[in-house]
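Commentary on secondary and tertiary structure
Residues per chain, in single letters:
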Amino acid sequence: MNLEEYFSRIHFVGSYDTADLTTLNQIHEQHVKHIPFENLSIHSGEKIVTNIEACFNKLIKKKRGGGCSENNGVLAWVLKKLGYDITLLGACVYDTRKKAYPTMKTHIIIKVVIDGNTYIADVGFGFSKQIRQPLAMISGKDQPQIPGIFRLTEENGFWCLDKISRKNHPEQSYHDPSLLEKSNVVKMYGFTLEPFSIEKFDSCLSYLQESPESLFTNKSICSLQTTDGLRTLVGWTYGEITYKYKEDMDLVIFKTLTNEEVENTLKEKFGITLENKLVPVNNAIYFTV
């Protein structure tokens, strides 16, 4: 494990001598544009683990993607090596079906303090709700980024992250309407500032990889941010989103793939070559890109 391998993987060529906000922003954005968010291990005979060396080997040396614990785990290691003041936090992903934040913390984020100011870094949420750069921890402040407007709010020590999205414009007649957000305000996750160790996430990983109610067991998913949008793969459905195609509107293209096309698409669009055979899954459980 070394920083040079990581920076080569994310195509980062800037200076990292100073642990400042500019460097953090650049690293964060390069990470999400070059390392996919994906759960393909679950559907190709592998296990997701929290061991940092295993995560580094998978994401950096094997040029794979990963989930939140893998992506944010590697980023946290990098930031600590660079001298940033970081703390891992556990987050509860909003359950749209139950319209509530669950008690289980199935997401990991990073709190970063720079010159007395606090930010939330997160390179492991994926799809159109992926922040491109860290968010300032200021309650009620709208923070515009390429995907939309992100807003953190705090009440009684509990922080919530929402995203205000633009309208979606499907380019062609075929599209799966269930994959598109119907509300322009999307609740993402909630968290407190209580430190959360990566080891505590092992029980959550067991749920994500084994429970029949888990999103990860019901859908094989992959996403990668691009300069002006993102690429997505959900089961056999490949999608491309171009942000701000028109004023206050995003262009959405969906295409149904064969099993062979899924494998080729992973290579060509996401830079992923799996060691084992992937079994795509897209069961009927709520999920939007």
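Just so it is clear, the model here is predicted, and its values are computed rather than measured.

**Quick look at the nonpolar core**
Grouped together as the largest cluster of nonpolar side chains are 53 residues, with contacts concentrated most on Y6, F7 and V289. Examining the composition of this core, we find that 7 residues originate from one element, helix α4 (residues 68–81), more than from any other. Those residues in contact with Y6 that lie beyond four places of it in its chain are I27, H31, I35, F56, I60, V74, L75 and V78. Among the nonpolar cores identified, the runner-up in size contains 15 residues, and L89, I109, L152 and F191 belong to it.

**Considering the pattern of salt bridges**
Applying the stated rule across the entire model yields 10 salt bridges. Between R64 and E38 there is a salt bridge, with the nearest N and O atoms lying 2.9 Å from each other. Of this pair, R64 sits in the loop between α3 (52–61) and α4 while E38 sits in strand β1 (residues 37–38), and the two are 26 residues apart along the sequence. Side by side, R64 and E38 carry an identical accessibility label, which is buried. Of the charged contacts in the structure, one is a salt bridge between E210 and K47, with a shortest N-O distance of 3.4 Å.

Conventions adopted
Residues numbered from 1 in each chain as written. Predicted model: local features only at pLDDT ≥ 70, side-chain atom pairs only at ≥ 80, totals over all residues. Heavy atoms only, no water. Core = buried A, V, L, I, M, F, W, Y, C linked by side-chain atoms within 4.5 Å. Buried < 20%, exposed > 50% of the residue type's maximum accessible area, 1.4 Å probe, protein only. Helix = DSSP H or I, 4+ residues; strand = E, 2+ residues; numbered from the N terminus. Contact = heavy atoms within 4.5 Å. Salt bridge = Lys/Arg side-chain N within 4 Å of Asp/Glu carboxyl O.

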